[in-house]
Amino acid sequence: MAVEAFGLTKRFGNFTAVDHVDLSIREGEIFGLLGPNGAGKTTLVRMLTTLMRPTEGTAKVGGYDILREPDEVRKAIGLVAEKLILYPRLNAVENLMFFGRLYGMEGEELRRKVDELIEMVRLEGFKDFPIGGYSSGMRQRLNIVRALLHDPRILFLDEPTAMLDPQSIRFVRDLIKDLRKGGRTIILTTHIMEEAEELSDRVGIIDHGRILVVDTPEGLKSKLGVSNLLEVFLELTGRDLRDRAENRIPIRAVGRM
Amino acid sequence: MGFKRIAYVTMVMAHKDLLDFWKAKMLVVAFTLFPIVMMAIFGYMFPSITSANPYAGKFSSPYGRLPIAIVNEDGGRAGEEIADRFAQLASSTGLFEVRDFASLEAAKERMTEGKLKGVLVIPQGFTESLSSGRQAILTIIVDDTNPQAASSIFGQASSLVRIISEGVAASRISGLGAGADPMALLEPIGLERRPFVRGSATTFQFLAPGFMALTVTLGTLSGLAATISREKEQGTLDGIMVSPVPRYTVVVSKVLAQTVRGMIQSFIILAVSMLFFGVRVYGSPLLMVLTMFLAVLSFSGIGIIITAISGEQETAMTSLMLINMPMTFLSNVVFPIEQLPWWLQVVGKSLPLYYSADALRKIIVLNAQIHHIAPDLIVLALYSLLTLSAAIPIFVRSVSR
Ligand SMILES: Nc1ncnc2c1ncn2[C@@H]1O[C@H](COP(=O)(O)OP(=O)(O)OP(=O)(O)O)[C@@H](O)[C@H]1O
Ligand SMILES: [Mg+2]
């Protein structure tokens with residue numbers, strides 16, 4: 001298993017964002033984590049990527065325990081977070097070189113890898129410009145390959161196509177399909193149903209911090225007797241808007257957004 | 001993970017911080033201008049007496065020419081002469097700007113408005129006292145709202161009066177004939193004051209080291225708070241935290257980058273002080289570097305703790321103001337700490353700036369060697385050690401909440 005969670009829980013004060021999640025994600029699959037706003041997707045990903053300590057429970061990622069062997073987990077994973085992990089004043093090469101060095105890469109090897117990745121997302125012509133001047137699409141393409149510098153076996157992508165134009169969405173989705181080559185496991189969060197349906201081998205639907213169901217997109221549709229994943233989703237998570245009292249989060253958390 | 005790798009990733013992160021800083025051109029401009037503007041202001045606020053003045057080194061006023069009034073209530077010849085002589089001395093020493101006032105009431109009125117700093121009164125019967133051989137007394141009323149300025153005005157006025165008084169006495173004695181040495185009669189034992197410091201020490205010479213320490217400290221605190229909270233908010237900190245580098249190296253690298261920035265700024269200050277304000281360095285530059293390094297380090301822990309607790313940038317910056325303001329005024333940089341009530345002295349002496357300013361001043365002005373400033377350096381080192389060892393776990397916890 002690429003990822004195994006055992007009763008993974010995160011509470012903020014007395015609000016439970018992720019509630020005893022048990023989850024198994026297989027090696028080499030693309031796993032779609034689907035859930036409405038505030039469902040707990042990002043919180044779950046942050047715990048699995050060692051950025052946040054769970055309140056309860058634990059998980060194994062790439063065969064390593066996130067609490068006891070966090071550095072081994074970190075070497076095995078790549079993360080495309082909700083926010084860009086790029087320094088706006090630095091150019092593409094400087095950004096990638098910096099993160100590459102954190103993974104112990106150096107010299108010619110690093111240079112070659114950086115050039116290769118920049119070409120992969122067709123940014124050769126822009127590599128010397130500060131990325132603050134890039135369009136959202138260009139930035140996100142670079143942001144995705146930033147997570148690939150050390151060839152991670154497991155890749156987490158938190159809403160990778162949010163705020164992109166159709167051309168960029170197409171490019172990014174094709175890129176994600178490409179990235180599974182060589183047996184890489186991909187965990188993708190989204191609330192765009194067609195994206196989950198197009199990319200995922202299996203999807204897990206999460207709401208109020210709980211995993212409601214895990215199955216293939218086809219399996220889910222036939223089980224509930226509906227024609228598309230959006231109907232499955234609304235059937236399971238309800239049709240009400242997601243404004244809840246609990247969403248009045250404390251101001252301290254604002255820095256996180 | 002080996003020491004070499006840890007040192008390497010720390011350098012990589014510090015280098016990135018400096019590169020990121022260097023790329024923000026406007027920031028670099030402001031960063032360079034800040035110490036220059038600061039020193040220019042302080043330099044002109046506390047001018048040195050130039051050598052064109054015959055009284056150079058003998059009289060100096062940290063306040064420049066202060067407006068004072070002469071009120072002559074006497075009406076006699078001697079009163080008139082004293083008033084003229086005082087005005088003349090005041091202008092040749094550059095100490096006071098003298099204005100004549102007809103009545104004490106009018107002068108007091110102006111002083112209340114803050115337009116005058118003192119009033120010299122030549123009382124009624126002054127000429128008579130003088131000519132009848134009694135001691136004639138002049139009175140000076142000073143604006144007490146600034147006690148430091150007030151005592152300095154009194155001191156300077158006294159020295160001018162002494163010169164006039166000696167002159168009067170000397171002419172009287174020589175009037176006695178007998179070829180006596182008037183100075184020998186007047187002052188059988190003379191006391192000449194020689195400056196402790198070589199060359200002509202100026203007030204600014206004493207102030208510049210303090211401002212160096214202050215600027216570096218303020219720069220470090222706001223720089224650390226800004227870069228840490230910006231990385232947290234923009235999300236790049238996650239990129240570092242998700243890579244296999246020890247958490248504490250992030251803190252160490254930030255401190256390192258800030259130290260480099262702080263040292264650059266402090267040397268800009270020193271250069272400006274030396275080039276434009278005649279400050280001379282008598283001590284070892286190497287010792288200065290060491291002191292500046294400890295000055296930055298001693299505040300890094302505090303900066304990190306405040307940033308970690310604050311969570312986001314504006315809160316962090318505002319919380320820092322809470323420390324910055326008192327520190328500026330309590331740490332013996334702008335005002336002598338002896339002027340403060342005892343409990344404020346305790347507060348001032350519990351801030352590391354007091355020690356870095358003190359050590360730097362001793363190096364620059366007194367050519368202090370390492371054993372002279374060892375107590376200061378030890379306090380700074382202990383401060384650094386204690387605050388940083390508290391700051392690192394607080395920082396690590398704050399980013400994995
Ligand atoms: N640091 C925090 N402090 C307090 N509450 C938090 C914090 N982080 C997340 N939450 C809350 O936990 C819940 C889950 O948030 P999370 O970001 O994981 O949701 P999500 O599924 O990623 O939503 P979205 O689709 O909007 O990205 C939300 O209600 C959120 O307000
Ligand atoms: Mg999210």
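Residues numbered from 1 in each chain as written. Chains lettered and ligands numbered in written order. Predicted model: local features only at pLDDT ≥ 70, side-chain atom pairs only at ≥ 80, totals over all residues. Heavy atoms only, no water.

1. Considerations on the interface of chain A and chain B
- Taken together, the contacts link 34 residues of chain A with 33 residues of chain B.
- For the pair chain A and chain B, the summed buried area comes to about 2,900 Å², and 57% of that belongs to carbon and sulfur atoms.
- The three residues of chain A that bury the most area against chain B are Tyr87, Arg89 and Leu102 of chain A, which together make up 25% of that side's buried surface.
- Measuring nitrogen to oxygen at the nearest pair gives 3.5 Å for the salt bridge that ties aspartate 20 of chain B to arginine 89 of chain A.
- Applying the counting rule to chain A against chain B returns nine residue pairs in polar contact (both at pLDDT 80 or more).
- Of all the elements in the fold, those that place two or more residues in the side of chain A that touches chain B are helix H2 (70–76), strand S6 (77–80) and helix H3 (92–102) of chain A.
- In terms of residue count, the dominant contributor to the side of chain A that touches chain B is H3 of chain A (five residues).
- Considered class by class, the residues forming the side of chain A that touches chain B number 16 nonpolar, five polar and 13 charged. (Contact = heavy atoms within 4.5 Å. Buried area = accessible area lost by both parts, 1.4 Å probe. Salt bridge = Lys/Arg side-chain N within 4 Å of Asp/Glu carboxyl O. Polar contact = N/O pair within 3.5 Å; in protein donor to acceptor, adjacent residues only side chain to side chain. Helix = DSSP H or I, 4+ residues; strand = E, 2+ residues; numbered from the N terminus. Nonpolar A, V, L, I, M, F, W, Y, C, P; charged D, E, K, R; others polar.)

2. As for the coordination of the magnesium ion (ligand 2)
- Taken together, Thr42 of chain A (OG1) and Glu82 of chain A (OE) make up the full set of protein donors to the magnesium ion (ligand 2), lying 1.9 to 2.2 Å away. With threonine 42 of chain A in helix H1 (residues 41–48) and glutamate 82 of chain A in the loop between S6 and H3, this residue pair connects regions lying 40 residues apart in the sequence. (Donors = N, O, S within 2.8 Å, 3.2 Å for Na, K, Ca; no water.)

3. Notes on helix H6 (residues 166–179) of chain A
- Taking 1.5 Å of rise per residue, the 14 residues of H6 of chain A would be expected to cover 20 Å, and the 20 Å separating its terminal C-alpha atoms lies within 8% of that figure.
- Along H6 of chain A, the positions that sit buried rather than exposed are Ser168, Ile169, Phe171, Val172, Arg173, Leu175, Ile176 and Leu179 of chain A. (Expected span 1.5 Å × (residues − 1). Buried < 20%, exposed > 50% of the residue type's maximum accessible area, 1.4 Å probe, protein only.)

4. What about H3 of chain A?
- Burial within H3 of chain A is extensive, with nine of its eleven residues counted as buried.
- When we look at burial in H3 of chain A, the residues that qualify are Ala92, Val93, Asn95, Leu96, Met97, Phe98, Phe99, Gly100 and Leu102 of chain A.
- Check the buried side of H3 of chain A and you find it contacts helix H4 (107–120) and helix H5 (136–146) of chain A together with helix H1 (3–23) and helix H9 (236–241) of chain B.
- Looking at where H3 of chain A begins, the residue whose side-chain oxygen comes 3.1 Å from the main-chain nitrogen of valine 93 of chain A is asparagine 91 of chain A.
- Taken from the residues just after H3 of chain A, glycine 104 of chain A is the one with a positive phi, measuring 85 degrees.

5. Quick notes on the confidence of the model for chain B
Residues and elements named next belong to chain B.
- When pLDDT is averaged along chain B, the result is 81, and 86% of the positions lie at 70 or above.
- The secondary structure element of chain B with the lowest average pLDDT is helix H7 (residues 182–186), at 55, and the one with the highest is H9, at 96.
- Per-residue pLDDT stays below 50 along residues 48–59; that stretch engages in 19 contacts with residues further than four places along the chain or on separate chains.
- Scored below 50 in pLDDT, residues 192–201 makes eight contacts in the model with residues more than four places away or belonging to other chains.
- Scoring the predicted complex yields pTM 0.76 and, for the interface, ipTM 0.91. (pLDDT = per-residue confidence, 0-100.)

6. Things to note about the sheet that holds strand S5 (residues 64–65) of chain A
Residues and elements named next belong to chain A.
- Spatially, four strands are ordered S2-S1-S4-S5 in an open sheet, and the strand pairing comes out antiparallel. A single partner strand is all that each edge strand has here, and the edge strands are strand S2 (15–25) and S5.
- As paired elements, strand S1 (residues 3–12) and strand S4 (residues 56–61) share five bridges and run antiparallel to each other. Bridge assignment links phenylalanine 6 to a residue of S4, and that residue is threonine 58.
- Of the strands in this sheet, S1, S2 and S4 are in contact with H1, which crosses S1 at around 120 degrees. (Pairing = 2+ DSSP bridges. Axes fitted to C-alpha atoms, helices over the stretch in contact; angles between N-to-C directions.)

7. Side note on the pattern of salt bridges
- Scanning the model with the defined rule gives 33 salt bridges over all chains in all.
- Between glutamate 197 of chain A and lysine 221 of chain A there is a salt bridge; the shortest N-O distance is 2.3 Å. Taken together, the residues span a long stretch of sequence, with glutamate 197 of chain A in helix H7 (residues 193–199) and lysine 221 of chain A in helix H8 (residues 217–224) at a distance of 24 residues.
- Glutamate 197 of chain A sits in the partly exposed class, given a relative accessible area of 26%.
- Note that aspartate 20 of chain B and arginine 230 of chain B form a salt bridge whose closest N and O atoms lie 3.4 Å from each other. Placement of the pair is aspartate 20 of chain B in helix H1 and arginine 230 of chain B in helix H8 (residues 203–234), with a sequence separation of 210 residues.

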